[in-house]
Amino acid sequence: MAVPVVSAEHVSKKFRLYHERNNSIKAAVMRGGRNKMDEFWALDDVSLEVHEGSTTGLVGANGSGKSTMLKCLARILRPDKGSVSTVGKMSALLELGAGFHPELTGRENVFLNGAILGLKQKELQDRFDDIVDFAGIGQFIDEPVKNYSSGMYVRLGFSVAINVEPDILLVDEVLAVGDEAFQRKCLERFSDLKYNGKTVIIVSHSMQSVLNMCDHAIWFQRGKKMADGDPRSVVEAYTGAIVLDEHRPTEKGDRWGSGEARIERVELLDEEGREVTRVRSGEPLRVRLSYATSEPVARPVFSVSVQTLQGLVVSTPTTREADLVPEKLDGTGRVELSLPRLPLLPGTYDLTVSVTDFTLAHPYDVRRNVARFDVDRKGQTEPDGIVSLGGSWGFDA
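Residues numbered from 1 in each chain as written. Predicted model: local features only at pLDDT ≥ 70, side-chain atom pairs only at ≥ 80, totals over all residues. Heavy atoms only, no water.

Engineer: Run through the overall build of the protein chain, naming residues and quoting values.
Structural biologist: The helix and strand inventory of the protein chain stands at eight helices and 20 strands. Out of the 397 residues in the protein chain, the part that is buried amounts to 44%. Intrachain contacts of the protein chain at a sequence separation of at least 6 include 71% that bridge at least 24 residues. As displayed, the protein chain has an accessible area near 20800 Å², and 49% of this comes from carbon and sulfur atoms. (Helix = DSSP H or I, 4+ residues; strand = E, 2+ residues; numbered from the N terminus. Buried < 20%, exposed > 50% of the residue type's maximum accessible area, 1.4 Å probe, protein only. Contact = heavy atoms within 4.5 Å. Areas by Shrake-Rupley, 256 points an atom, 1.4 Å probe, with all protein chains shown as cover.)

Engineer: Which residues make up the pairing of strand 19 (residues 347-356), and what are the values?
Structural biologist: The buried fraction of strand 19 is high, at eight of ten residues. Sheet topology note: the strand 19/strand 20 (residues 363-376) ladder contains nine bridges and is antiparallel. Residue pairing across strands places Thr 356 opposite Pro 363, the latter belonging to strand 20. Taking the residues that link successive antiparallel strands as the turn, the strand 19-strand 20 hairpin has six residues, and the phi of Leu 360 there is positive, at about 70°. (Pairing = 2+ DSSP bridges.)

Engineer: Which residues make up the pairing of strand 15 (residues 301-308), and what values go with them?
Structural biologist: Counting buried positions along strand 15 yields eight of eight residues, so the element is predominantly enclosed. Neither face of strand 15 is exposed, since Val 301, Ser 303, Ser 305 and Gln 307 on one face and Phe 302, Val 304, Val 306 and Thr 308 on the opposite face are all buried. Bridge count for strand 15 against strand 19 is eight bridges, and the pairing is antiparallel. Directly across from Gln 307, in strand 19, lies its bridge partner Asp 350. Across two bridges, strand 15 lies against strand 16 (residues 313-315) in antiparallel orientation. Bridge pairing in strand 16 links Val 306 to Ser 315.

Engineer: Run through the sheet that holds strand 13 (residues 285-293), naming residues and quoting values.
Structural biologist: Strand order in the open sheet formed by three strands is 11-13-18, and the pairing between neighbours is antiparallel. Two strands lie at the open edges of the sheet, namely strand 11 (261-269) and strand 18 (332-339), each paired on one side alone. Across the sheet, the mean angle from the axis of one strand to that of its neighbour is 20°, orientation sign disregarded. Bridge analysis of strand 11 against strand 13 gives eight bridges, and the strand direction is antiparallel. Within the sheet, the bridge partner assigned to Arg 262 lies in strand 13 and is Ala 292. (Axes fitted to C-alpha atoms, helices over the stretch in contact; angles between N-to-C directions.)

Engineer: Lay out the sheet that holds strand 3 (residues 55-59) in plain terms, naming residues and giving numbers.
Structural biologist: The sheet built from six strands is open, its strands ordered 5-6-7-3-8-9 with mixed pairing. Either end of the sheet is taken by a strand with one partner, and the two such strands are strand 5 (90-93) and strand 9 (224-229). Shown here is a sheet whose adjacent strand axes are inclined to one another by a mean of 15°, direction ignored. For strand 5 and strand 6 (residues 168-172), the ladder comprises four bridges, and the chain directions are parallel. Within strand 6, the residue paired with Met 90 across the bridge is Ile 168.

Engineer: So what's going on with the packing of helix 3 (residues 106-116) against helix 4 (residues 121-135)? Residues and values would help.
Structural biologist: The contact between helix 3 and helix 4 brings their axes to 10 Å, and the two run at 130°. Judged by the angle between their axes, helix 3 and helix 4 are oblique. Remark: the crossing between helix 3 and helix 4 carries right-handed chirality. Two secondary-structure elements touch here, helix 3 through Arg 107, Val 110, Phe 111, Gly 114 and Ala 115 and helix 4 through Gln 121, Leu 124, Gln 125, Phe 128 and Ile 131. The class makeup of the residues in the contact of helix 3 with helix 4 is six nonpolar, three polar and one charged. (Parallel < 35°, antiparallel > 145°, perpendicular 65-115°, else oblique. Left-handed = near helix turned anticlockwise from the far one by under 90°. Nonpolar A, V, L, I, M, F, W, Y, C, P; charged D, E, K, R; others polar.)

Engineer: Break down the confidence of the model for the protein chain for me, with residues and values.
Structural biologist: Reading fine detail from the predicted coordinates is not recommended where pLDDT is low. Scored by pLDDT, the protein chain has a mean of 83; 87% of the residues are at 70 or more. Taken together, the stretch residues 242-252 has pLDDT below 50 and engages in 18 contacts with residues farther than four places along the chain or on a different chain. (pLDDT = per-residue confidence, 0-100.)

Engineer: Outline the pattern of salt bridges, listing residues and values.
Structural biologist: Per the counting criterion, the structure on display carries 24 salt bridges. Residue Asp 44 is joined to Lys 224 by a salt bridge in which the shortest nitrogen-to-oxygen separation is 2.9 Å. Of this pair, Asp 44 sits in strand 2 (residues 36-51) while Lys 224 sits in strand 9, and the two are 180 residues apart along the sequence. Of the residues examined, Asp 44 reaches a relative accessible area of 30% and is grouped as partly exposed. For Lys 224, a relative accessible area of 39% corresponds to the partly exposed category. As a salt-bridge pair, Asp 374 and Arg 278 come within 3.3 Å of each other at their nearest N and O atoms. Here Arg 278 lies in strand 12 (residues 278-280) and Asp 374 lies in strand 20, a separation of 96 residues in the sequence. Taking the relative accessible area as the measure of exposure, Arg 278 reaches 49% and is therefore partly exposed. Taken together, the salt bridges that share partners define one network made up of Arg 265, Glu 267, Glu 275, Arg 286, Arg 288 and Glu 336. (Salt bridge = Lys/Arg side-chain N within 4 Å of Asp/Glu carboxyl O.)

Engineer: Explain helix 2 (residues 66-73) to me, using residue names and the numbers behind them.
Structural biologist: Where burial is concerned, most of helix 2 is hidden: six out of the eight residues are buried. Of the residues making up helix 2, those classed as buried are Lys 66, Thr 68, Met 69, Leu 70, Cys 72 and Leu 73. Where helix 2 terminates, the next one or two residues include Arg 75, which has phi positive at roughly 65°.

Engineer: I'd like a rundown of unusual backbone geometry, residues and numbers included.
Structural biologist: Located in the positive-phi region is Asp 45, a residue other than glycine, with phi close to 55°. Mapped onto the fold, Asp 45 is located in strand 2. For Asp 45, a relative accessible area of 45% gives the class partly exposed. Even without a glycine there, the phi angle at Asn 369 is positive, about 55°. Summarising the element assignment, Asn 369 is placed in strand 20.

Okay, here's the thing in structure tokens:
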């Protein structure tokens with residue numbers, strides 16, 4: 001049986017939310033020396049285990065506690081209650097390039113940051129060429145990093161951290177750095193780590209990344225652990241839970257993202273262009289997304305995920321797989337997914353829609369369970385299941 005190399009026992013972590021601070025002696029005297037504040041428990045009695053050689057995804061909405069847990073595991077934060085233990089050498093991809101000095105060159109910062117992460121001088125010299133090659137900054141390695149672009153900066157930070165060759169790697173939503181070629185190298189590197197039996201823990205908003213990369217997942221909500229186990233089961237439980245946003249009571253489902261692009265409206269249209277909530281199996285259906293941007297967004301990807309009421313993801317077509325990715329979006333517009341023959345069998349289904357960057361790792365806007373529709377029977381269909389294969393039977397006696 002695999003050995004637990006990361007464990008948290010009854011971990012709780014609180015933060016203080018100040019409403020008014022005493023910024024002067026007078027203010028302190030007037031308030032009796034007290035600051036006005038509330039306590040917020042980002043983690044509330046969470047226990048978990050991660051086994052050697054596994055890749056674990058931590059999922060949940062913004063503010064659910066998953067990143068706080070990652071920082072507790074990395075010992076960046078100290079729990080107010082409970083304990084954390086790890087076995088083996090650890091590296092954390094949390095704040096890329098956090099140890100860089102802007103006045104030093106890339107070369108000098110590689111050795112400085114590598115030493116902070118626990119590599120010896122000889123190890124850094126042996127791996128230096130690989131680090132520079134992985135980061136793809138070549139001739140700029142002897143330039144001060146203050147002159148680097150933000151992409152070069154984080155790529156070098158990622159490259160140093162990933163070449164530490166840790167036993168345990170902690171990753172907090174940093175798979176969005178760099179262009180598509182660099183993304184591919186990062187994913188290949190993670191595959192190598194997994195193949196070599198290393199333990200990886202990833203925080204991600206991309207459910208597809210969790211399903212593709214992980215063999216274990218944990219769902220956090222409001223500081224508590226809600227589900228722990230097989231990635232498909234955990235993702236289905238997470239995507240199947242409908243939580244109304246207290247600040248937007250008229251809005252259906254969860255919503256998160258950085259907000260540079262937003263999906264303002266979702267419409268289901270029949271063959272005549274009428275908005276519908278019921279459709280028959282085998283009939284045409286269009287899903288229309290109306291979007292707006294607050295600033296230009298480069299190479300955005302739209303996706304539509306169809307799920308059963310139990311949270312099972314039936315399919316998630318994207319504009320990237322359709323090779324329909326504009327170089328830039330700016331302003332408002334619409335994008336449509338056209339289904340000439342809906343293959344769903346009778347039942348009730350939910351739609352989750354999103355617009356992300358090209359890597360699918362950085363969400364601009366995700367609207368989970370934003371629309372629900374019913375599929376009715378039309379003609380002869382399979383008696384059980386989710387989709388119609390559309391085949392035909394024959395005998396050769």
